[in-house]
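Here is what each chain is made of, one letter per residue.
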Amino acid sequence: MNRLDGIDPELRAPLAELYEKFPGGLYAIEDLAERRRTDALLAAETLEAVKATQTCSTEDVRVPGADVPVRVYRPRRFRPAAPAVFFIHGGGMYLGDLDYEHATAVKICEELGVLVVSTGYRKAPEHPHPAQVDDCYAALGWMSGNATSLGFDPGRLAIFGGSAGGNLALATALKARDLGGPALRYAVALYPMVDHRNTASAAHQAGPWDRRANAEAWEWFLAGQEPDGYAAPLHAEDLAGLPPTFVDVGTADLFRDENLVLAQRLLAAGVSTELHVYPGVYHAAEYYAPDAEVARHMWTVRFRALRRALGIQHQEEQL
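The rules behind the values
Residues numbered from 1 in each chain as written. Predicted model: local features only at pLDDT ≥ 70, side-chain atom pairs only at ≥ 80, totals over all residues. Heavy atoms only, no water. Patch = residues over 30% accessible without salt bridge, like charges linked within 9 Å, V, L, I, M, F, W, Y side chains within 5 Å. Areas by Shrake-Rupley, 256 points an atom, 1.4 Å probe, with all protein chains shown as cover. Salt bridge = Lys/Arg side-chain N within 4 Å of Asp/Glu carboxyl O. Helix = DSSP H or I, 4+ residues; strand = E, 2+ residues; numbered from the N terminus. Buried < 20%, exposed > 50% of the residue type's maximum accessible area, 1.4 Å probe, protein only. Contact = heavy atoms within 4.5 Å. Phe/Tyr/Trp six-rings, centres within 6.5 Å; stacked < 30°, edge-to-face > 60°. Lys NZ or Arg CZ within 6 Å of the ring centre and 35° of its normal. Pairing = 2+ DSSP bridges. Axes fitted to C-alpha atoms, helices over the stretch in contact; angles between N-to-C directions.

1. A few points about a nonpolar patch on the surface
Inference 1: Together, L260, L275 and V277 make up an exposed nonpolar region whose accessible area comes to about 190 Å².
Inference 2: You can see L260 is positioned in helix 9 (residues 256–268).
Inference 3: The class of L260 is partly exposed, set by a relative accessible area of 30%.

Take a look at the structure:
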């Protein structure tokens with residue numbers, strides 16, 4: 001069986017190209033420093049182009065006390081008391097920085113006309129759990145506490161992340177619930193990494209992030225610990241009290257099954273949940289094939305949900 005079988009035809013070429021360049025997969029590079037370097041180089045291929053064309057402004061800040069790096073994105077015509085999005089990048093808990101998903105933060109900021117704060121966080125294996133969620137929660141607290149000076153409405157604040165960032169979006173929302181922290185209007189978790197067991201049938205799906213890479217990432221992230229609900233949100237004892245949540249995943253994504261269970265658990269806990277499952281879509285496919293019809297559709301659906309949740313009108317985005 002060809003590992004591209006079952007993949008949406010428009011999504012096959014970039015994945016085949018990746019396999020040709022890295023026969024064992026990008027994340028099979030044994031040396032961690034070299035893997036990080038290679039992954040960063042691939043992410044940087046679009047970075048300069050985005051920076052050259054973006055219309056939003058950016059400012060890099062460090063959260064006092066916690067020393068967590070954040071980047072503040074303001075739309076070209078920023079309207080005071082507009083909604084805001086707290087953004088967390090992915091990367092398996094051990095890759096990435098503020099530049100890693102800069103393009104996504106720009107896309108959210110410019111498409112919706114909202115303030116975006118993107119956060120960095122410490123990485124495994126040098127810094128295992130709970131360093132990541134602690135850093136994200138500190139950055140969220142800083143953002144919420146500075147709503148007036150940043151110029152956004154703290155009552156219309158969403159949290160957004162994909163993959164490991166989706167895990168951290170849910171974990172940070174759980175921590176905010178448990179500690180009486182910042183109120184969140186909405187949570188977006190794209191194909192979130194939420195189950196450390198790596199045993200579901202979908203874990204054997206093809207894609208740039210595969211079962212081997214996932215097992216290694218969890219091993220580094222947990223460092224021998226038994227996961228609590230902040231590490232593996234699927235297994236949080238109680239999901240009640242989370243904000244309304246959006247989840248999407250592809251049928252060819254190794255996180256498919258755990259995301260379906262997550263949505264069921266959220267619904268059972270009384271959390272308003274929107275779930276989308278896309279046929280033939282592998283993990284993070286919209287980044288590898290951004291012009292594919294399904295990739296464009298996925299972003300349309302995500303933005304539609306955010307507009308509705310945050311009360312954004314199209315004319316508000318243009319101000």
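Additional details are given in the paragraphs that follow.
2. Observations concerning the side chain of R256
Inference 1: The residue R256 is located in helix 9 in this model.
Inference 2: Residue R256 is classed as buried on the basis of its relative accessible area of 18%.
Inference 3: Once residues within four sequence positions are removed from consideration, R256 is found in contact with S201, A202, Q205, V249, G250 and T251.

3. Here we look at the packing of aromatic side chains
Inference 1: Applying the stated criterion across every chain yields a total of nine aromatic pairs.
Inference 2: Geometrically, the ring pair formed by Y94 and W209 is tilted, given 6.3 Å between the ring centres and 35 degrees between the ring planes. Residue Y94 is found in the loop between strand 3 (82–88) and helix 4 (102–112), and its partner W209 is found in the loop between strand 6 (186–190) and helix 8 (211–222); the two are separated by 115 residues along the sequence. Considered together, Y94 and W209 belong to a single accessibility category, that of buried residues.
Inference 3: The ring of Y121 carries the charged tip of K123 above its face, separated from the ring centre by 4.1 Å.
Inference 4: Its guanidinium or amino end placed over the ring of W299, R302 lies 4.6 Å from that ring's centre, counting from NZ or CZ.

4. A short note on the sheet that holds strand 5 (residues 152–162)
Remark on secondary structure: sheet strands pair via backbone hydrogen bonds, oriented parallel or antiparallel.
Inference 1: Read from one edge to the other, the open sheet built from eight strands follows the order 1-2-4-3-5-6-7-8, with strand pairing classed as mixed. Each edge of the open sheet carries a strand with a single partner, namely strand 1 (57–63) and strand 8 (273–278). Taken over all neighbouring pairs, the strand axes of this sheet differ in orientation by 20 degrees on average, direction set aside.
Inference 2: Note: strand 7 (residues 245–250) against strand 8, six bridges, orientation parallel. From the neighbouring strand, F246 faces strand 8, where its bridge partner is E274.
Inference 3: Of the strands in this sheet, strand 1, strand 2 (68–74), strand 3, strand 4 (115–119) and strand 5 are in contact with helix 5 (residues 131–145), which crosses strand 3 at around 165 degrees.
Inference 4: Across the face of the sheet, helix 9 comes into contact with strand 7 and strand 8 while running at roughly 160 degrees to strand 7.

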